[in-house]
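So the chains spell out like this:
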Amino acid sequence: MPPALPATNQSPAGAPTAHPPGIWAALPAGSQDDGKVIHINRVQHQAVRVGLGEPVALPCLFLLQPSASLGPNEPPDPPRIKWSKVRSASGQREDVPILVAKDNAVKVVKAYEGRVSLPGYSHDRYNATLVLRAARASDAGLYRCEVVAGIEDEQDLLPLEVTAPTVPLCGRYPITAARRACLDNSAVIASPQHLQAAFEDGYDNCDAGWLADQTVRYPITLSRPGCYGDRNSLPGVRSYGRREPGEEYDVYCYARELRGKRCRGGWARRHCRSRGASLATTGQLYLAWREGLDQCDPGWLADGSVRYPIRLPRRKCGGEASGVRTLYQFPNRTGFPAATSKFDAYCYKAAAAEPGPCGGGWGPPNGGRGPHGGR
C-alpha cells in the first residue's frame, strides 16, 4: 500500500496554510481482489465548492496491483495520469486537457500554467490530487482524473462549483458606506484576489471602486480612452493604491450565496412592492445568474443600474460569453441610464415572505416597462 499523504504537504502559492477545499486522505486497504490493476479511491461524492479566487483540491488517489501480463521479474511501467475538464458549468460538453504526469515528469498545458499543480505527486506517485491555485468562475464544471497503466485504465469524475461573483456598485461612497452598501446588496466588500480572479476570467469595468484592503482598483481587459489608469494600453487591474477612507468611489462587492425566492416583475420598485417583493439588488441578480437564470431582457435593479443575466450566449443577447450584462449611459461603458428611462424590473422575494404572484420563479415580463421609480 502506498504511503499516506503527509499532513505537512504544502498548499499552493497564495493559499492558506490549511489544505484547500477537497479531500486529502490516505487510501484504505481492501477492495483489491476484483481483478483490476488500477483502483481509484472515490473519496469525493458531492461537488467540491469553492469561492472565487480561492484555492481548491480535486482528489485523485489510487492503488496499482501487479498485472497478470507481466513476467515475475518484469517491472511495471509507471502509471500515466491525465487531468482534463469534460463539461462546463452550463452542462456543455468539452474536452480541455489540463496536465499529464508520468514518473518524474509533469506537463501542464499552456492555458493552465501557473494555475495548477500536483503537490502530493512528487513524493507519492499514487496521489494525483489536482490543486487549482485561484478558482475562476469559468473553472466550474466537471473534471476527469484518468490513470493509465499499460493497457489498463481507470477514471473518476469530480464536479466543481465556484461560488461568488464580483459585483460592481456605483454610487460614490466613503469606505464605511461602501461596506454597508455591499451588505445591503447581499454581499461583502471584495478583496483584491476576488477582483483579480474576475479579471482573469474576462471581467471588464471602467469604474474605480473600493476593495477590502482600502485600495481602489478597476479591471480592464480592453484598453480605451478614459480607462488607461496606471497601465496605459496594457490589460490588467488598474490601481489607485491605498486611499483615505473619506474619499468617495464606487465599490466592488463579493456575493457568496443567494437566499430567498426571486420573481421577475414588469417595472421598477412600486411594481415589485405590489407583488410582495422588493427591487432586486445587483448581488441577488448575479447569484441568480450563477444558479442558472437566463433572461435576455434588461431590467432595473435597486442601485439604479440596468442589467440582464445570460447563461447561454446567443445573437442580440450581449455577446459571445455568458455573464450579467450591464447597460451603460456612455460609450466608454460608464454611468447608468437616466432614471426616467423605461425598462423592465427584476424583483426579489425573501424566503420568509408569503409566496407572491411569481410563485418563487422567473417568468416573462408583464406589466410593460417603466422608470426606476426612485428609492
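Shown above is the structure to which this text applies.
Only a predicted model underlies this, so the values are computations on that prediction, with no experimental measurement involved.

**Describing the packing of aromatic side chains**
Part 1 of the reasoning: What the rule picks out here adds up to 6 aromatic pairs.
Part 2 of the reasoning: Arranged with centres 5.8 Å apart and planes meeting at 70°, the rings of Y240 and Y249 form a pair that is edge-to-face.
Part 3 of the reasoning: Given a relative accessible area of 39%, Y240 falls into the partly exposed group.
Part 4 of the reasoning: In textbook terms, an aromatic cluster arises when at least three aromatic residues are bridged by ring pairs, as seen for W210, Y218, Y240 and Y249.
Part 5 of the reasoning: A cation over an aromatic ring shows up here: R125 above the ring of Y121, its NZ or CZ 4.8 Å from the ring centre.

**Quick notes on unusual backbone geometry**
Part 1 of the reasoning: A positive phi angle, close to 55°, is found at D103, a residue other than glycine.
Part 2 of the reasoning: Following the sequence through the fold, D103 ends up in the loop between strand 6 (93–102) and strand 7 (105–108).

**Here's the deal with the sheet that holds strand 6**
Part 1 of the reasoning: One open sheet holds the 6 strands; their spatial order is 2-11-10-5-6-7, and the pairing between them is mixed. The sheet is open, and its two borders are formed by strand 2 (48–51) and strand 7, each paired with just one other strand. Neighbour-to-neighbour, the strand axes of the sheet open up by a mean angle of 25°, direction not taken into account.

**Considering the state of the cysteines**
Part 1 of the reasoning: Scanning the model with the defined rule gives 5 disulfides in all.
Part 2 of the reasoning: In this model C296 forms its disulfide with C317; the gap between the sulfur atoms is 2.2 Å. The sign of the -115° torsion about the S-S bond sets the C296-C317 disulfide as left-handed. Taken together, the residues C296 in the loop between helix 4 (282–290) and strand 20 (299–300) and C317 in the loop between strand 21 (306–310) and strand 22 (323–326) connect sequence positions 21 residues apart.

**Overview of the nonpolar core**
Part 1 of the reasoning: Counting residues in each nonpolar core, the largest one holds 72 residues, and the members touching the most others are I81, W83, I98, L130, L160, W210 and V251.
Part 2 of the reasoning: Among residues more than four places away in sequence, those in contact with I98 are W83, S84, K85, K107, V108, V109, Y112, V116, L130 and Y143.

**Thoughts on the pattern of salt bridges**
Part 1 of the reasoning: With the rule as written, the count across this model stands at 10 salt bridges.
Part 2 of the reasoning: For D95, the salt bridge identified is with R144, shortest N-O distance 3.7 Å. Placement of the pair is D95 in strand 6 and R144 in strand 10 (residues 141–149), with a sequence separation of 49 residues.
Part 3 of the reasoning: What makes R144 buried here is its relative accessible area of 19%.

**Points about the environment of R87**
Part 1 of the reasoning: Positionally, R87 belongs in strand 5 (residues 80–88).
Part 2 of the reasoning: Relative accessible area serves as the criterion here: at 30%, R87 is assigned to the partly exposed category.
Part 3 of the reasoning: For the pair R87 and L142, spaced 55 residues apart in the sequence, the C-alpha separation amounts to 4.9 Å.
Part 4 of the reasoning: Residues within four places of R87 in sequence aside, it is in contact with Q92, R93, E94, A140, G141 and L142.

**Considering helix 4**
Part 1 of the reasoning: Among the 9 residues that make up helix 4, 9 are buried, leaving the element largely enclosed by the rest of the structure.
Part 2 of the reasoning: When we look at burial in helix 4, the residues that qualify are T282, G283, Q284, L285, Y286, L287, A288, W289 and R290.
Part 3 of the reasoning: Two residues or fewer past helix 4, G292 is found with a positive phi of approximately 120°.

Parameters and conventions
- Residues numbered from 1 in each chain as written.
- Predicted model: local features only at pLDDT ≥ 70, side-chain atom pairs only at ≥ 80, totals over all residues.
- Heavy atoms only, no water.
- Phe/Tyr/Trp six-rings, centres within 6.5 Å; stacked < 30°, edge-to-face > 60°.
- Buried < 20%, exposed > 50% of the residue type's maximum accessible area, 1.4 Å probe, protein only.
- Lys NZ or Arg CZ within 6 Å of the ring centre and 35° of its normal.
- Helix = DSSP H or I, 4+ residues; strand = E, 2+ residues; numbered from the N terminus.
- Pairing = 2+ DSSP bridges.
- Axes fitted to C-alpha atoms, helices over the stretch in contact; angles between N-to-C directions.
- Disulfide = S-S within 2.5 Å.
- Core = buried A, V, L, I, M, F, W, Y, C linked by side-chain atoms within 4.5 Å.
- Contact = heavy atoms within 4.5 Å.
- Salt bridge = Lys/Arg side-chain N within 4 Å of Asp/Glu carboxyl O.

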